[in-house]
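# Secondary and tertiary structure notes
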Protein chains: 2
Amino acid sequence: MCAQLLSTQPYKGTRDFFPDDMRLRNWFFGKIRSTLETAAFEEYNGPMLESLELYAAKSGEEIANKQTYNFVDKGNRHLAIRPEMTPTVARMVASKMGELSFPLRWFSIPNMYRYEATQRGRLREFWQLNVDIFGCDTYEADLEIIISAINVMKSFGADESMFTVRINNRRFFNDVVTAIANTDEETSRLVSKVIDRKNKVPRDVYEKDLSALGLTAEQIARIDALYEMDVTEATAICPDSVGSQELRLLFEALKNTGLDKYCVFDFGIIRGLDYYTGTVFEVFDNAPENNRAMFGGGRYDNLVGLFVKNAKISGVGYGMGDVTLENFLFTHDLVPKSFITGVKVLVTRFDDVPYEKYLDITDMLRSNGIVSSLYLGSKKFGKQIDYAVKGEYTHVVIMGASELNDYTVKVKNLETREEITIPLDELCSFLKNN
Amino acid sequence: MCAQLLSTQPYKGTRDFFPDDMRLRNWFFGKIRSTLETAAFEEYNGPMLESLELYAAKSGEEIANKQTYNFVDKGNRHLAIRPEMTPTVARMVASKMGELSFPLRWFSIPNMYRYEATQRGRLREFWQLNVDIFGCDTYEADLEIIISAINVMKSFGADESMFTVRINNRRFFNDVVTAIANTDEETSRLVSKVIDRKNKVPRDVYEKDLSALGLTAEQIARIDALYEMDVTEATAICPDSVGSQELRLLFEALKNTGLDKYCVFDFGIIRGLDYYTGTVFEVFDNAPENNRAMFGGGRYDNLVGLFVKNAKISGVGYGMGDVTLENFLFTHDLVPKSFITGVKVLVTRFDDVPYEKYLDITDMLRSNGIVSSLYLGSKKFGKQIDYAVKGEYTHVVIMGASELNDYTVKVKNLETREEITIPLDELCSFLKNN
């Protein structure tokens, strides 16, 4: 034991989850699990520590070093605490390629760390739902991933007034930029970086950056026009592009199933990471005070190839952080007032009744699936009731010497304040019907 | 993208959880959650990273440094990945002492890391159930914690032939060693270290170590006798010890509730850590090939005092690792053959039916809570059936152009191989009754 007192605060950017916080999390992760499992997605998980090179291979060494918690272990391995799940899941798929039955429908809700400045909606430790389909490289998988994101949102009671799925396609993007500005592949990639930053920089900077890449004022104007177009107009510019075809099929299916009310085409959606190759999307919060991308994803076709030579297993998926989701749910008043359902019973205790008589009651209640505990310690009856009220117990069971003699118990409903005496052997059925 | 291929192996001492592995984990953590929640325990969680000094304060800087993954962040904070949960929960309790309603009944199932040699039952990354009661310093809380451990084991179908709870008491230990050998407090502590190692060293080393602490051959013989005693005989040596009283009350209650069949007094149970102050226990696997402590815990009275001056909130609890539990369940054949319950439906697909017709079917099934997915892609029918079989789907739904015309579907039961044609609008009720 040390002489100086330790801080009670959690490490910067991390959170303590007290039981109240945990009930909220278990509620929303429970909804997500149930929605995804009903859609035949299967849960997986992987280690919290991975080799740093896993992230360096994807995002470059500098970013991997800067944005992750990383260190060298005693065996001289350079490790990182995972900042995202995609490299782990790509590694896992690569490791069992021959055994797995594709298309895979997988999800996970891992905790992860990013070394970054903390701000609203952005912490250093967070949990992130990851949903992915591997092994189907056509639009049907993109559609199924978008449907799953919509269904997750709907499971919380969110409707089209609260969120919008904004969709673009990287193949289409490259083709339309080439059609307009006759750029090569690398220049298209650089144009995508400028467009990705569009809303974060002044207009003149945006124009200057595009000019620097060789785009004329007229070409910039034609790109500007794309932001206003719907999917039919936009894809008409390069109708034979594979990306255009994917976008048209996707939006046609969304329309035919009535899901188009949640979705729009948005040329400004790029997703920063280089590994996206096809459909990309972001889910926006429609609340004016919160209007921004909550989460997103897309198609990435080459990640498994990092591990297995010439492996071509395409993936499409998204990641949704817990902090953002929680903000959304509170903003739209979608969080229930209480997560306690059903009865919760405190068996109170008097000193003149043998303790095992009380133990027998809690054992009977629990065996019948009734949430219950015995007051621990031997404080006065009033203190025991206070404890029950504060702990959101719905009922207390009271057995003094006279009840013990009569094989009865008193049951007090803490909400109605009603108290009745019943035979002990009717206690479970009484509570189940109350 | 890098030229050299990356390894598909997880970091040493960590595991990938593929969906099959995850189903097993979700099954056993689900049982544990349900058992504890029925006993009115509440779930909490805390951050994966904590200040290193949190562990150094408890176990000494050298051990904390050696056994944890630790590093210095860019703000010059010395952090550790949590190797255990007790310091975190003590910190959390200390941070809200004034608001919380004691006794607290808390549990958590966090992942954690220890830097150690990997071996059977011991990995670097593991999950650990932690169950604690704070704010009750009498035997009733010790008893409730032991009952919860027994109920967790029973929830898996384990009985008294499979496991034993071995119980001792640190206060009793100190008093009985003092009574026999007239030792002071520090010497008693050192004797406890020797006894903790007893089964790991040759008999002559054990005797030499006790001699070195000043114990005579006669005193060693009297201590030897304690290993053979039941609780009545042992506590008779120092009947007025608070530890003796706690042991007697505990065992009396265990006897009166019929739980004594799971429990024995065992003078050899010490628990290595210095912070235990009263009841200590370990749960042993009775299987001859596996006979050893699986998990354990005990009472620790002073941990909150590390954070808040003069705070006296006693705690009692245990930690149970997932690796050990999984070994136990397999050793005793307590793992179900399959975790799939209920129907799981694959909607197959033909190219001559509009895709949205299939999307409508899966949407209908999912809205009715029926686990289902649509085959993604457009492979031949036989391939789609293979996929269903490999993915443990129970039924496939088939709708070709003629069924579409008739508003019917075919349903094939993959187990019985029976196939029938039913009206589309009876599909959900048909599947729910099958």
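About the thresholds
- Residues numbered from 1 in each chain as written.
- Chains lettered and ligands numbered in written order.
- Predicted model: local features only at pLDDT ≥ 70, side-chain atom pairs only at ≥ 80, totals over all residues.
- Heavy atoms only, no water.
- Pairing = 2+ DSSP bridges.
- Helix = DSSP H or I, 4+ residues; strand = E, 2+ residues; numbered from the N terminus.
- Axes fitted to C-alpha atoms, helices over the stretch in contact; angles between N-to-C directions.
- Contact = heavy atoms within 4.5 Å.
- Least-squares fit on C-alpha atoms with pLDDT ≥ 70 in both.
- Buried < 20%, exposed > 50% of the residue type's maximum accessible area, 1.4 Å probe, protein only.
- Polar contact = N/O pair within 3.5 Å; in protein donor to acceptor, adjacent residues only side chain to side chain.
- Parallel < 35°, antiparallel > 145°, perpendicular 65-115°, else oblique.
- Nonpolar A, V, L, I, M, F, W, Y, C, P; charged D, E, K, R; others polar.
- Salt bridge = Lys/Arg side-chain N within 4 Å of Asp/Glu carboxyl O.
- Phe/Tyr/Trp six-rings, centres within 6.5 Å; stacked < 30°, edge-to-face > 60°.
- Lys NZ or Arg CZ within 6 Å of the ring centre and 35° of its normal.
- Buried area = accessible area lost by both parts, 1.4 Å probe.
- Disulfide = S-S within 2.5 Å.
- Expected span 1.5 Å × (residues − 1).

Remark on secondary structure: sheet strands pair via backbone hydrogen bonds, oriented parallel or antiparallel. Residues and elements named next belong to chain B. Reading across the sheet, the 5 strands line up as β14-β13-β15-β16-β17 and stay open at both edges, with mixed pairing between neighbours. Every interior strand has two partners, whereas the edge strands, β14 (371–374) and β17 (419–423), have only one. If you compare each strand with its neighbour and ignore which way they point, the axes differ by 25 degrees on average. Here strand β15 (residues 395–398) pairs with strand β16 (residues 408–413) via 4 bridges, running antiparallel. Across the sheet, the residue bridging to Val397 is Val411, located in β16. Strand contacts of helix α13 (residues 355–367): β13 (344–347), β14 and β16, with the helix running at about 170 degrees to β14, the strand carrying the most contacts.

So, on to the sheet that holds strand β4 (residues 78–81) of chain A. Residues and elements named next belong to chain A. The antiparallel open sheet is built from 3 strands, whose spatial order is β2-β4-β3. Among the strands making up the open sheet, the edge pair consists of β2 (49–51) and β3 (70–72). Recorded for the sheet is a direction-independent mean angle of 35 degrees between the axes of neighbouring strands. Pairing analysis gives 3 bridges linking β2 to β4, with the strands arranged antiparallel. When the bridges of β4 are listed, Leu49 appears paired with Ile81.

Moving on to the pairing of β17 of chain B. Residue and element names in this part refer to chain B. The pairing of β16 with β17 spans 5 bridges and is classified as antiparallel. The residue of β17 that forms the bridge with Lys412 is Glu419. Joining the antiparallel neighbours β16 and β17 is a turn of 5 residues, in which Arg417 adopts a positive phi near 70 degrees.

The subject of this paragraph is the relation of the copies chain B and chain A. With an axial shift of 0.0 Å and an RMSD of 0.0 Å, the rotation relating chain B to chain A amounts to 180 degrees. The operation mapping one copy onto its partner corresponds to a two-fold rotation axis. Among all residues of chain B, the one whose C-alpha sits closest to the rotation axis is Phe71 of chain B, at a distance of 3.4 Å. A share of 100% of the interface residues of chain B reappears at the interface of chain A, consistent with the copies meeting face to face through the same patch.

Residue and element names in this part refer to chain A. The residue after Phe102, namely Pro103, is reached through a cis peptide bond having omega -5 degrees. Phi at Asn182 takes a positive value of approximately 55 degrees, unusual for a residue other than glycine. One can find Asn182 in the loop between α6 (170–181) and α7 (185–196). With phi around 55 degrees, Asp333 is a residue other than glycine that occupies positive phi space. Along the polypeptide, Asp333 turns up in the loop between α12 (322–331) and β13 (344–347). You can call Asp333 exposed: its relative accessible area is 57%.

The next point concerns the side chain of Asn130 of chain B. Residue and element names in this part refer to chain B. With respect to the element layout, Asn130 can be found in strand β7 (residues 125–134). A residue is classified by how much of its surface remains accessible, and Asn130, at 3% relative accessible area, is buried. For Asn130, the side chain forms a polar contact with the side chain of Gln128, separated by 3.0 Å. Apart from the residues lying within four places of it in its own chain, the contact partners of Asn130 are Tyr44, Met85, Thr86, Trp106, Phe107, Ser108, Pro110, Met112, Tyr318 and Gly319.

With that out of the way, let us pick up the packing of α7 of chain A against helix α8 (residues 203–212) of chain A. Helix packing geometry: the angle between the two helix axes and the distance between the axes. Residues and elements named next belong to chain A. Packing of α7 against α8 brings their axes to within 10 Å, and their N-to-C directions diverge by 180 degrees. Judged by the inter-axis angle, α7 sits roughly antiparallel to α8. Residues Val191, Val194 and Ile195 of α7 form the contact with α8, whose participating residues are Tyr206, Asp209 and Leu210. Taken together, the residues of the contact of α7 with α8 break down into 5 nonpolar, no polar and 1 charged.

Quick look at the pattern of salt bridges now. Applying the stated criterion across every chain, the model contains 48 salt bridges over all chains. Notably, a salt bridge pairs Arg366 of chain B with Glu144 of chain A, separated by 2.7 Å at the nearest N-O pair. In this pair, Arg366 of chain B sits in helix α13 while Glu144 of chain A sits in helix α5 (residues 139–155), so the two residues belong to two different chains. Each member of the pair, Arg366 of chain B as well as Glu144 of chain A, is classed as buried.

Another aspect to go through is the packing of aromatic side chains. For the structure on display, the rule yields 47 aromatic pairs over all chains. Ring geometry for Tyr355 of chain A against Tyr139 of chain B: centres 6.0 Å apart, planes inclined by 65 degrees, an arrangement best described as edge-to-face. Placement of Tyr355 of chain A in helix α13 (residues 355–367) and of Tyr139 of chain B in helix α5 (residues 139–155) is noted, with the two residues assigned to different chains. A single burial state applies to Tyr355 of chain A and to Tyr139 of chain B, both of which are buried. Summarising the aromatic geometry, the rings of Tyr275 of chain B and Tyr300 of chain B are spaced 5.8 Å apart at their centres and angled 85 degrees between planes, so their arrangement reads as edge-to-face. Taken together, the positions of Tyr275 of chain B in the loop between β9 (263–265) and β10 (279–285) and Tyr300 of chain B in strand β11 (residues 292–300) put the pair 25 residues apart, joining distant regions of the chain. Of the residues examined, Tyr275 of chain B reaches a relative accessible area of 7% and is grouped as buried. Site record: aromatic cluster; members linked through ring pairs are Tyr11, Tyr69, Phe71, Tyr113 and Tyr115 of chain A together with Tyr11, Tyr69, Phe71, Tyr113 and Tyr115 of chain B. For Lys198 of chain A, the ring lying beneath its charged end belongs to Tyr206 of chain A, and the centroid distance is 5.6 Å.

At the junction of the two partners, chain B supplies 101 residues and chain A supplies 101 residues. Here chain B packs against chain A, burying approximately 8500 Å² in sum over the two surfaces, 61% of which is carbon and sulfur. In this assembly, chain B and chain A are joined by 8 salt bridges. Where chain B meets chain A, there are 37 residue pairs in polar contact (both at pLDDT 80 or more). By residue class, the composition of the side of chain B that touches chain A is 51 nonpolar, 23 polar and 27 charged.

Covalent bonding between the sulfur atoms of two cysteines defines a disulfide. Residue and element names in this part refer to chain B. Scanning the model with the defined rule gives 0 disulfides over all chains in all. As a non-bridged cysteine, Cys263 has Cys136 as the owner of its nearest cysteine sulfur, 18 Å distant. Since its relative accessible area comes to 7%, Cys263 is described here as buried.

With that settled, consider α13 of chain B. All names here are of chain B. The end-to-end C-alpha distance of α13, which contains 13 residues, comes to 19 Å, matching closely the 18 Å that a straight helix rising 1.5 Å per residue would cover. Of all the positions in α13, only Tyr355, Glu356, Tyr358, Leu359, Ile361, Thr362, Leu365 and Arg366 are classed as buried. After α13 finishes, the residue Gly369 shows a positive phi value of roughly 75 degrees.

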